Amino acid sequence: MAISSLLYNPYPSFCAYRRRKVSAKPIACGSLKTQDPDPTAQPTSLSGDYKLSWKEELKKAYHREITNLNWDKFEELDDESFQNLVDQRCVDNVRMLIVDSVQNAKAGHPGMALGMAAVVLLLYRHVMKYNPKNPKWFNRDRFVLSAGHGCLLQYVCLHLAGFESVQIENLKRLCKLGSRTPGHPENVVTSGIEVTTGPLGQGVANAVGLALAEAHLAARFNKPDAVIVDHRTYCIMGDGCAMEGITQEAASLAGHLKLNKLTLIYDDNHNTIDGPTTLAFSEDISARFKALGWHTVTVEKVDADMSPFKKALLSAFNETEKPTFIRVRKLSGKEGTSKAHHGTFSEDDVNNMKQKVNWTDREPFHVIPMIHREMQKQADVGERLEKEWYSNLYSYQIKYPQEAIEFRILLSGGLLPGWENSLPRWSPSDPVDATRGYSEKCLNQLAKVLPGLIGGSADLATSNKAYLHNYDDFLPSSPWGRNIRYGVREHAMGGISNGIALHGSGLIPFAATFLVFSDYMKNTIRLAALSHAGVIYVMTHDSIGLGEDGPTHQPVEQLAGLRAIPRLLVFRPADGNEAAGAYKIAAANRATPSLIALSRQKAASNISGTSADAVKRGGYTISDNSGEQMPDIILIGTGSELCLCEGSARRLREAGRRVRVVSLVCWRLFDGQPREYKEQVLPWNVVKRMSVEAGSPVGWKEYVGRDGVVVGVAEFGASGQYLDTFHRYGFTEENITRIANILLCK
């Protein structure tokens with residue numbers, strides 16, 4: 001006996017179905033579909049033939065539990081009671097599909113999936129607007145499973161709802177290599193999955209980003225007589241999400257920004273992998289969310305009666321000032337054991353579950369035929385709503401042509417033809433600035449031509465130079481603003497940015513902080529790369545060159561760790577032109593995140609030989625006096641240290657040496673170049689090479705080779721003026737030249 005006990009709950013008597021009272025009049029599931037629901041709305045009358053189509057199935061399932069129902073007059077059963085019975089049987093089927101999938105795969109996390117089956121099925125069957133034929137329809141509702149280990153429940157619901165991405169064969173291949181049903185949801189693998197989740201709490205921040213995107217676009221484009229942005233975000237979190245700090249950060253900002261179309265559903269089952277939550281967790285979560293500015297509702301165990309949960313959803317729809325937190329209190333009967341979280345079932349468990357729901361005569365992966373019909377109704381609603389939305393959009397174009405043009409640009413990816421021409425160009429005569437200053441100019445020029453550029457800093461906008469001038473802040477009073485004030489919430493900033501990027505509306509999020517604080521948001525950056533979220537990370541104070549703040553703020557190992565993340569493009573531009581080149585690539589790559597590491601200390605605006613266009617190669621030669629011969633030595637630099645390489649090269653050339661200087665602004669882009677090009681830049685037979693970067697030496701041997709020298713920082717830096725700090729660690733023209741001469745003499 002383990003999580004299977006979730007199926008052993010006794011069914012309420014038929015009298016409970018007929019007599020329970022939620023409001024003066026019954027709540028119709030149909031009212032949950034409207035943006036401004038009327039809780040007194042009457043359900044559409046159901047035909048007797050329709051009810052009779054379910055009679056045999058429901059009688060087989062519940063004739064023992066419901067003894068006071070006249071099955072001979074089943075078609076006369078009131079509509080609400082009938083729908084409740086159908087809902088319950090649908091939940092039974094969902095749970096048995098979960099059991100079959102886990103048993104077949106001999107792997108999975110069925111605990112949350114079984115426990116929240118009624119909640120998630122209700123959302124897919126009665127509440128959310130979506131069109132399985134067009135999963136990317138812009139105005140669909142978004143669903144996020146922050147407790148990503150429960151993804152099997154979403155896979156089952158996607159299958160029943162008619163999404164082509166999840167068929168029965170896919171359920172049979174749960175967790176198998178190459179399947180569309182991986183062990184945690186991945187948006188790039190399974191259509192219908194909005195965001196990739198798994199690390200707990202990340203989905204909460206993603207959901208905040210999705211809701212923020214909706215609020216922002218609604219404020220920019222909706223008109224009193226024309227609403228084209230109007231959808232909700234639903235997110236399910238578990239006890240682990242509640243404990244993770246990113247949830248607190250994201251929920252705090254969501255409450256502050258009054259994102260009222262966000263509904264967070266908390267699966268409060270008192271269980272973690274190590275045991276009961278009481279081992280490490282005793283706070284009142286509802287009180288916490290209330291203090292954060294959320295509308296909070298507690299719903300007791302939902303298996304026996306879903307009406308309180310429906311009522312909670314209606315209260316969320318009616319809430320106009322706050323996001324809603326619905327706490328679903330649910331006990332599995334096996335709290336405090338890992339088996340309430342993951343694992344397969346014993347043969348006795350499976351048999352007991354089948355007997356409980358009268359499933360013993362059915363083969364694995366059986367789906368009651370009528371369920372597809374039931375779910376198709378909601379799909380039909382979504383298809384109709386999509387057609388209506390396109391009709392509304394057509395009318396909007398006539399009334400508001402200028403806004404419509406901008407809106408359509410966003411839906412097409414947000415990139416205007418020729419947008420890259422707006423990026424500034426620098427000449428050697430331009431004033432010297434830090435690369436963060438050149439970045440600021442790039443961001444603000446792009447904001448004029450990229451209507452989707454939106455973002456902010458973790459309370460460091462003035463230090464990061466990451467603020468869009470002449471644009472408002474995103475606040476409850478001005479959600480059209482394109483500057484997001486994240487406060488000191490780096491981790492949430494990363495997760496929220498992923499949600500904005502994956503909203504699918506052409507918004508291009510940027511997120512800024514000090515490079516050393518990328519550690520706070522490392523997991524969100526990794527997930528951005530995994531989920532193809534085109535976030536632009538603006539990371540300043542990129543080396544020991546930041547000076548006085550000392551080793552706590554001086555990044556050393558961060559670049560090496562970030563470069564190791566698959567798919568992430570890490571740029572370290574040396575001057576204004578390379579900064580412009582980095583932004584050109586970052587903005588264009590909407591399915592690839594980019595991180596631009598920028599200096600606090602001043603760097604030349606235009607080093608001779610650098611090129612914005614050449615940045616796309618990742619590495620290129622900026623100077624070489626070798627002519628037709630091979631160079632004696634190659635100096636490779638990034639960022640502010642490229643100037644040191646060029647200065648040292650000048651000294652070496654004066655001494656008669658042939659010296660090539662290479663900018664390796666983005667390792668991943670250079671690694672992806674054709675072998676011939678890489679050989680052209682770094683010829684294999686030139687073994688005397690030096691790399692110069694004020695960061696960890698890890699990784700540089702791949703470029704300097706076995707006989708090369710890496711000039712880096714192998715400790716934590718020190719507090720002092722940046723020139724003194726650079727001098728202490730050997731980042732001067734004199735020292736680089738000295739080391740180069742030693743290498744040349746070998």
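Here the structure is a predicted model, which is why all the values come from computation and not from measurement. (Residues numbered from 1 in each chain as written. Predicted model: local features only at pLDDT ≥ 70, side-chain atom pairs only at ≥ 80, totals over all residues. Heavy atoms only, no water.)

Engineer: Kindly report on the overall build of the chain, identifying the contributing residues and their values.
Structural biologist: Across its full length, the chain holds 27 helices and 18 strands. Summarising its shape, the C-alpha atoms of the chain cover approximately 105 × 60 × 45 Å along the three principal directions. Out of the 746 residues belonging to the chain, those deemed buried represent 60%. Pairs at least 24 apart in sequence give 78% of the contacts found in the chain among residues at least 6 apart. (Helix = DSSP H or I, 4+ residues; strand = E, 2+ residues; numbered from the N terminus. Buried < 20%, exposed > 50% of the residue type's maximum accessible area, 1.4 Å probe, protein only. Contact = heavy atoms within 4.5 Å.)

Engineer: Talk me through the sheet that holds strand E3 (residues 262–268); I want residue IDs and the actual numbers.
Structural biologist: Taken in spatial order, the 5 strands of this open sheet run E1-E2-E3-E5-E4, and their pairing is parallel. With one partner strand each, in any of the chains shown, strand E1 (142–145) and strand E4 (295–299) form the two edges of the open sheet. Neighbour-to-neighbour, the strand axes of the sheet open up by a mean angle of 15°, direction not taken into account. Inspection of the sheet shows E1 paired to strand E2 (residues 233–237) by 4 bridges, in the parallel sense. When the bridges of E2 are listed, arginine 142 appears paired with threonine 233. On top of the sheet, helix H8 (residues 202–221) reaches E1, E2 and E3; it is set at about 170° to E2, its chief contact. (Pairing = 2+ DSSP bridges. Axes fitted to C-alpha atoms, helices over the stretch in contact; angles between N-to-C directions.)

Engineer: Break down the packing of aromatic side chains for me, with residues and values.
Structural biologist: Applying the stated criterion across every chain yields a total of 24 aromatic pairs. Summarising the aromatic geometry, the rings of phenylalanine 138 and tryptophan 389 are spaced 5.7 Å apart at their centres and angled 35° between planes, so their arrangement reads as tilted. Taken together, the positions of phenylalanine 138 in the loop between helix H5 (117–127) and E1 and tryptophan 389 in helix H14 (residues 369–399) put the pair 251 residues apart, joining distant regions of the chain. Measuring from centroid to centroid gives 4.9 Å for tryptophan 389 and tyrosine 390, while their planes differ by 75°, and the two rings are edge-to-face. For tyrosine 390, a relative accessible area of 41% corresponds to the partly exposed category. Three or more aromatic residues link up through ring pairs in this structure, and these residues are Phe138, Phe221, Trp389, Tyr390 and Phe407. Positioned over the ring face of phenylalanine 138 is arginine 142, at 5.8 Å from the centre of the ring. (Phe/Tyr/Trp six-rings, centres within 6.5 Å; stacked < 30°, edge-to-face > 60°. Lys NZ or Arg CZ within 6 Å of the ring centre and 35° of its normal.)

Engineer: Explain the nonpolar core residue by residue, including any values.
Structural biologist: By size, the foremost hydrophobic cluster in this structure holds 79 residues, and its most contacted members are Trp54, Tyr124 and Phe309. For this core, the leading source of residues is helix H3 (residues 79–105), giving 12 residues. Each residue touching phenylalanine 309, except ones within four places of it in the same chain, is listed here: Val119, Leu122, Ile265, Val299, Val302, Ile326 and Val328. (Core = buried A, V, L, I, M, F, W, Y, C linked by side-chain atoms within 4.5 Å.)

Engineer: Lay out helix H2 (residues 48–62) in plain terms, naming residues and giving numbers.
Structural biologist: The sharpest bend along H2 reaches about 45° and sits at lysine 55. Residues of H2 that are buried in the fold lie against H3, H5 and H14. (Bend = angle between axes of the 7 residues up to and from the residue.)

Engineer: Please give an account of the side chain of threonine 524 that cites residues and values.
Structural biologist: Looking at the element boundaries, threonine 524 is found in helix H19 (residues 522–530). The class for threonine 524 is buried, based on a relative accessible area of 0%. With residues near it in sequence (within four places) discarded, threonine 524 still touches Gln202, Ile246, His491, Gly494, Gly495, Asn498 and Tyr537.

Engineer: Summarise a negative patch on the surface; cite the residues concerned and give the values.
Structural biologist: Taken together, the side chains of Asp49, Asp72, Glu75 and Glu76 define an acidic patch exposed on the protein surface. Inspection of the secondary structure assignment puts glutamate 75 in the loop between H2 and H3. Since its relative accessible area comes to 30%, glutamate 75 is described here as partly exposed. (Patch = residues over 30% accessible without salt bridge, like charges linked within 9 Å, V, L, I, M, F, W, Y side chains within 5 Å. Areas by Shrake-Rupley, 256 points an atom, 1.4 Å probe, with all protein chains shown as cover. Salt bridge = Lys/Arg side-chain N within 4 Å of Asp/Glu carboxyl O. Lys, Arg positive; Asp, Glu negative; His and termini not counted. Charge placed at Lys NZ, Arg CZ, Asp CG, Glu CD.)

Engineer: Describe the environment of phenylalanine 289, listing the residues and the values that go with them.
Structural biologist: On the secondary structure map, phenylalanine 289 appears in helix H11 (residues 285–291). Linking phenylalanine 289 and leucine 122, residues 167 residues apart in sequence, is a C-alpha distance of 24 Å.

Engineer: Account for the environment of phenylalanine 474, with residues named and values stated.
Structural biologist: Residue position: phenylalanine 474 is located in the loop between helix H17 (461–464) and strand E8 (483–485). Put simply, phenylalanine 474 and phenylalanine 74 are 400 residues apart on the chain and 55 Å apart in space, counted from C-alpha to C-alpha. When sequence neighbours within four positions are dropped, the list of residues in contact with phenylalanine 474 reads Leu212, Ala215, His216, Leu257, Leu259, Pro479, Gly481, Asn483 and Ile484.

Engineer: Any chance you could break down the pairing of E4 for me, citing the residues and the numbers?
Structural biologist: Two faces belong to every sheet, and in a regular strand the side chains alternate between them. For E4 and strand E5 (residues 324–329), the ladder comprises 5 bridges, and the chain directions are parallel. Within E5, the position partnered with threonine 296 by the bridge is phenylalanine 325. Once the chain exits E4 it traverses helix H12 (residues 307–318) before rejoining the sheet at E5, and the crossover so formed is right-handed. (Right-handed = clockwise from strand over helix to strand, strands pointing away.)

Engineer: Describe unusual backbone geometry, with residues and values.
Structural biologist: Outside of glycine, negative phi angles account for most residues, and trans bonds account for most peptide bonds. The backbone phi angle of lysine 106 is positive, close to 55°, even though this residue is not glycine. Take lysine 106: it is sitting in the loop between H3 and helix H4 (110–115). With a phi close to 65°, phenylalanine 365 is a non-glycine residue in the positive phi region. Inspection of the secondary structure puts phenylalanine 365 in the loop between helix H13 (347–356) and H14. Using a relative accessible area of 11% as the deciding quantity, one classes phenylalanine 365 as buried.

Engineer: Explain empty space enclosed by the protein residue by residue, including any values.
Structural biologist: Counted according to the given criterion, the structure contains 7 cavities of 30 Å³ or more. Here the second largest cavity defines a volume of roughly 130 Å³. For the second largest cavity, the lining is made up of 15 residues, of which Tyr130, Asp141, Phe163, Gly192 and Glu194 are closest to its centre. (1 Å grid on protein atoms, 1.4 Å probe; cavity = no way out; pocket = protein on both sides within 12 Å on 5 of 7 lines; lining within 4 Å. Points joined across faces, edges and corners; volume = space filled by probe spheres on them.)

Engineer: Describe the sheet that holds strand E17 (residues 689–692), and please don't skip the residues or the numbers.
Structural biologist: Strand pairing in a sheet relies on backbone hydrogen bonds, with the paired strands running either antiparallel or parallel. Spatially, 5 strands are ordered E14-E16-E15-E17-E18 in an open sheet, and the strand pairing comes out mixed. In this open sheet, the two strands that pair with only one neighbour each are strand E14 (620–624) and strand E18 (709–711). Each strand axis lies, on average, 20° off the axis of its neighbour in the sheet, ignoring direction. With 5 bridges connecting them, strand E15 (residues 633–637) and strand E16 (residues 659–663) associate as parallel partners. Each residue of the ladder has a partner; that of isoleucine 633, found in E16, is valine 659.

Engineer: An account of H14 is needed here, citing residue identities and associated values.
Structural biologist: With 31 residues, H14 extends 46 Å between its outermost C-alpha atoms, agreeing within 8% with the 45 Å of an ideal straight helix rising 1.5 Å per residue. Inspection of H14 places Met370, Ile371, Glu374, Met375, Gln378, Ala379, Val381, Gly382, Glu386, Trp389, Leu393 and Tyr396 among the buried residues, and these make up the whole buried set. Looking at the buried side of H14, the elements it contacts are H2, H3, H5, helix H6 (151–161), H8 and helix H15 (401–411). (Expected span 1.5 Å × (residues − 1).)

Engineer: How would you sum up the layout of surface pockets? Please name residues and give values.
Structural biologist: Here the largest pocket defines a volume of roughly 520 Å³. Along its surface, the largest pocket is lined by 26 residues, and Lys136, His503, Gly504, Ser505 and Gly506 are the ones closest to its centre. Broken down by secondary-structure element, the contributors of at least two residues to the lining of the largest pocket are H14 and H15.

Engineer: Quick one: what's the story with the side chain of glutamine 154, residue by residue and with numbers?
Structural biologist: The topology assignment puts glutamine 154 in helix H6. Those residues in contact with glutamine 154 that lie beyond four places of it in its chain are Tyr124, Phe143, Leu145, Gly192 and Ile193.

Engineer: Before we move on, can you summarise the packing of helix H22 (residues 641–654) against helix H27 (residues 733–744) with the specific residues and values?
Structural biologist: The N-to-C vectors of H22 and H27 enclose an angle of 55°; their axes lie 9 Å apart at closest approach. By the angle class used here, H22 and H27 are oblique. Of the two elements, H22 crosses H27, and the hand of that crossing is right-handed. Contacts from Leu644, Gly647, Ser648, Arg650, Arg651 and Leu652 of H22 reach H27 at Glu733, Glu734, Ile736, Thr737, Ala740, Asn741 and Leu744. For the contact of H22 with H27, the residue count by class is 5 nonpolar, 4 polar and 4 charged. (Parallel < 35°, antiparallel > 145°, perpendicular 65-115°, else oblique. Left-handed = near helix turned anticlockwise from the far one by under 90°. Nonpolar A, V, L, I, M, F, W, Y, C, P; charged D, E, K, R; others polar.)

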